[in-house]
Structure formats: C-alpha cells, structure tokens
Amino acid sequence: MQESIIQIQHLSKTFGGGDSAVRALEDINLDIHRGEIFGIIGLSGAGKSTLVRCMNLLERPTAGKVIVDGKDMTALSEKELRLARRDITMIFQSFNLLMQRTCLKNVCFPMELCGIPAAEAKKRAAELLALVGLGDKADAYPAQLSGGQKQRVAIARALATDPKVLLCDEATSALDPTTTASILELLKDLNHQLGVTVVVITHQMSVIEEICSRVAILDGGVVAEQGAVEEIFSHPTTDAARRLVYPAGISAQQYPAGTHAVRVAFNGGTAYQPLIASLAIDCGVKVNILGADTRNIDGKAFGTMLLGLPDDPSEAAKALQYIRSQPDVTAEEVEYHV
C-alpha cells in the first residue's frame, strides 16, 4: 500500500453565514500518495481552488482535517503553519511574480523570508533557474519573459524551500497549448528527479490525461468520483465524470426524442474504426457515428464513441451483443428523451 503524504478527512468549507451562507466544499475525503502526480478536476465553481487553498491553510476549513506529511495543518499555531508551508508550496495561473525583481531575486525571495544567507540563496536560485531551463535569464525581469518563462520562474521559486508537495492551481490555463505541454513535461521531470508530489488543479481534461496517475472529480463542492485516470476515463460512473470524459457537445438536445444509442468506451489496445466495419461485415448491422473522441494515455489507446443504433429492436440487440463481445470495450445504452 502506498504511503499518503496528504490526507483530507471530512473537509467542509462554508463562506458567510445564515441565509447567505455558501457551502463551497462538503465532506471531502482524499488520500494523495507520496511522489505521485494527482489531479483534481471540475467545471467552474466546483470548488477546486478553494480545496487547494485549504490544503496549505490559505483558507481555513470550516470542518475536517488536512494532514500533510503526518502534521494536522488545522491544529498548528500560526508560527508552526508558516514553517509547514515550506513543505507545501504553490504555483498559480497568474504567476504572481514580483515585477520589480529579477528572475534570480524572485527565486531568492522565499529563502530570504526563511533567513537563508544571501550567498547561499543566490547559489540555490541559480541552480533552480538552470533546473527549469532558464539559467540564462537570472538577470532578466518578468516583463521581459514569455508566459511560459514566467511560469518556469514561478516553479523555480516554489521549489526554493525544497518542498515535499507542489500545488498547481490552474497553472497552465493562461498558456497556449505548446507552452502548456512544455510546462507539463517540466512538472513530470521534476516529479521524477526530485520526488516532489504534484497536485494539479485544472478544468482541462487534456492536462489530467497528460500528466496525472490518479484523479478526483469535483462537482458542486463534493467529490463525485476518484481513482486511476485510466479507470475513470474508461468507466465513468457519475454524471459529473461523464460530462468531463465523454465527447464535447454530445447531448440529448442534439437528437430527436427516442433516439436509441450506445456509448462505447475503448479501454486500451482496441482499434476504433474496425469495430464499425466489423459490425456491418459480421452482423450485417449498420450504425451511425453520432460523436467520437479518442486519446492516448501512457501509450494506450482510449476513447469513446456515441453510436446511433438501428430502430429495429432485434438489429439493435444484435449490435449491442457484438460490441460487448469485443475485448477492451464497454458499452452503455443511451436513450434520449425530450
């Protein structure tokens, strides 16, 4: 059994009181393993950013516990909390760099707050800038950098206190796809080289697919589903997970009432196109492709297809039986209503 570095136990967070109270999080329970890259995903307003801010007590939970590396963060004094936060640092969508400081001095800043001697801090900062690929930008100012370079400086700064956990709150949301891919690759490299646990907060499924081993799906302030990324993508069991996993834009409103369809999930190793051809050749049954989405996770093929079934019940049953007999495939019937 893997060791947990973060344990969130029955955590709730309410803003305000009385009739105007807003329950942002309710009874959240998560175990994040030491050394993994863990994803937390949800649509806007799901409570993701509130949850990540509760992890390092930037927001104090209304109820429940946050245990980081064996310490109950909610029970620490302010002084103890400041020390504990060195182990659980954060990067943000907006980078939060000090514009009047050079890149080197930005990375030095948290070490200055910790009382590390200037010469030692400068040496460590230079090493970290080199680690994130910006060894030649020590004397540059943030205004002279691209968005991706700013985020690399922010990552170097977050690593300055040698943390055990790196919290990434929508860290790639402001970046273009190519830059996002390079930042995610950097986070994977740092996770591998340094053993730092990475918690990724995002609304982008592509980020989860690219970098995370396990994921929790937040919906309306509760954990709707959690588990290995492959399992969630292959067999989402809640509406919240299906909305995120299945092809964008495929909804009941697009099809007439009574449309009989099957949602097919490819769970690794199965070719997508031959299934449709084989249905026609082996069973003499033709189906319509209403929507499709595919992806590659850890070198394995995954994806979903929404197939319109024949109106004839016996033909539809024949198609379903054939689809369900295929290896690495699951099928879920969908009947649309008005």
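Up top is the structure.
Residues numbered from 1 in each chain as written. Predicted model: local features only at pLDDT ≥ 70, side-chain atom pairs only at ≥ 80, totals over all residues. Heavy atoms only, no water.

Student: An account of the environment of Leu320 is needed here, citing residue identities and associated values.
Tutor: You can see Leu320 is positioned in helix H11 (residues 313-324). For Leu320, a relative accessible area of 7% translates into the label buried. When the C-alpha atoms of Leu320 and Leu309 are compared, they prove to be 8.5 Å apart, with 11 residues separating the residues in sequence. Not counting residues within four places of it along the chain, the set of residues in contact with Leu320 comprises Val262, Leu309 and Glu333. (Helix = DSSP H or I, 4+ residues; strand = E, 2+ residues; numbered from the N terminus. Buried < 20%, exposed > 50% of the residue type's maximum accessible area, 1.4 Å probe, protein only. Contact = heavy atoms within 4.5 Å.)

Student: Provide a residue-level description of empty space enclosed by the protein, including the pertinent values.
Tutor: The tally for this structure, following the rule as stated, stands at two cavities of 30 Å³ or more. The space that makes up the largest cavity amounts to roughly 50 Å³. Lining the largest cavity are Cys168, Glu170, Ala171, Thr172, Leu184, Leu187, Val200, Ile201, Thr202 and Val207. When residues of the lining of the largest cavity are traced back to their parent elements, those giving at least two are helix H6 (177-194) and strand E8 (197-202). Counting residues per element, the lining of the largest cavity draws most heavily on E8, at three residues. By residue class, the composition of the lining of the largest cavity is seven nonpolar, two polar and one charged. If you add up the space inside the second largest cavity, you get close to 40 Å³. (1 Å grid on protein atoms, 1.4 Å probe; cavity = no way out; pocket = protein on both sides within 12 Å on 5 of 7 lines; lining within 4 Å. Points joined across faces, edges and corners; volume = space filled by probe spheres on them. Nonpolar A, V, L, I, M, F, W, Y, C, P; charged D, E, K, R; others polar.)

Student: Outline the sheet that holds strand E1 (residues 4-15), listing residues and values.
Tutor: Strand order in the open sheet formed by four strands is E2-E1-E4-E5, and the pairing between neighbours is antiparallel. Whereas interior strands pair on both sides, the edge strands pair on one side only; in this sheet they are strand E2 (22-33) and strand E5 (71-72). Relative to E5, strand E4 (residues 63-68) runs antiparallel, the two being bridged by two bridges. For Ile67, the partnering residue across the bridge sits in E5 and is Asp72. (Pairing = 2+ DSSP bridges.)

Student: With reference to specific residues and values, describe H11.
Tutor: A rise of 1.5 Å per residue sets the reference length of H11, with its 12 residues, at 16 Å; its end C-alpha atoms lie 16 Å apart and thus fit the reference within 8%. For H11, the set of buried residues is Ala316, Ala319, Leu320, Tyr322 and Ile323. Each buried residue of H11 sits inside an arc of 165° when the element is viewed along its axis, so together they form one side. Turned more than 90 degrees from where H11 packs its buried face, Pro313 and Gln321 sit exposed. (Expected span 1.5 Å × (residues − 1). Arc of directions from axis to C-beta.)

Student: Quick one: what's the story with the pattern of salt bridges, residue by residue and with numbers?
Tutor: This structure, assessed with the given rule, holds 12 salt bridges. Where Arg23 meets Glu26, a salt bridge forms, and the shortest distance between an N and an O atom there is 3.5 Å. Between Lys188 and Glu210 there is a salt bridge, with its nearest N and O atoms 3.1 Å apart. With Lys188 in helix H6 and Glu210 in helix H7 (residues 205-211), this residue pair connects regions lying 22 residues apart in the sequence. Relative accessible area serves as the criterion here: at 41%, Glu210 is assigned to the partly exposed category. Through salt bridges with shared partners, one network takes in Glu3, Arg34, Asp69 and Lys164. (Salt bridge = Lys/Arg side-chain N within 4 Å of Asp/Glu carboxyl O.)

Student: Can you tell me about helix H5 (residues 147-158), naming the residues and giving the values?
Tutor: For H5, with 12 residues, the first-to-last C-alpha span of 16 Å sits near the 16 Å given by 1.5 Å per residue. Burial within H5 is extensive, with nine of its 12 residues counted as buried. Residues of H5 that are buried: Gly148, Gln151, Arg152, Val153, Ala154, Ile155, Ala156, Arg157 and Ala158. Buried residues belonging to H5 abut strand E6 (88-92), helix H3 (103-113), helix H4 (118-131), strand E7 (165-169) and H6.

Student: Help me get a handle on the nonpolar core, residues and values and all.
Tutor: Of all hydrophobic cores here, the largest spans 52 residues; its most connected members are Ile91, Val107, Leu129, Val153, Ile155, Leu187 and Ile211. The contact partners of Val153, leaving out residues within four places of it in the chain, are Leu97, Cys103, Asn106, Val107, Leu129, Leu134 and Leu145. Counting residues in each nonpolar core, the second largest holds 30 residues, with Ile6, Ile32, Val52 and Val165 among its members. (Core = buried A, V, L, I, M, F, W, Y, C linked by side-chain atoms within 4.5 Å.)

Student: Describe in detail the layout of surface pockets, supporting the description with residues and values.
Tutor: A volume near 580 Å³ is recorded for the largest pocket. Around the largest pocket sit 19 residues that line it, and Arg85, Thr89, Met90, Pro110 and Leu113 are the ones nearest its centre. When contributions to the lining of the largest pocket are tallied by element, the ones reaching two or more residues are E6, H3 and H5.

Student: Before we move on, can you summarise the sheet that holds E7 with the specific residues and values?
Tutor: Pairing is mixed in the open sheet, where six strands are placed in the order E6-E7-E8-E3-E9-E10. Edge positions in the sheet fall to E6 and strand E10 (222-228), since each of these pairs with one other strand and no more. In this sheet, neighbouring strand axes are inclined to one another by 15° on average, regardless of whether the strands run parallel or antiparallel. The sheet contact formed by E7 and E8 spans five bridges and is parallel. Looking at E8, one finds that Cys168 is bridged to Val200. (Axes fitted to C-alpha atoms, helices over the stretch in contact; angles between N-to-C directions.)

Student: Please give an account of the packing of H3 against H5 that cites residues and values.
Tutor: For any two helices packed against each other, the geometry comes down to the angle between their axes and how far apart the axes lie. Running from amino to carboxyl end, H3 crosses H5 at an angle of 30°, the nearest separation of the two axes being 8 Å. Judged by the angle between their axes, H3 and H5 are roughly parallel. Relative to H5, the crossing made by H3 is right-handed. For the pair H3 and H5, the contacting residues are Cys103, Asn106, Val107 and Pro110 in the first and Val153, Ala156 and Arg157 in the second. Along the lines of polarity and charge, the residues of the contact of H3 with H5 split into five nonpolar, one polar and one charged. (Parallel < 35°, antiparallel > 145°, perpendicular 65-115°, else oblique. Left-handed = near helix turned anticlockwise from the far one by under 90°.)

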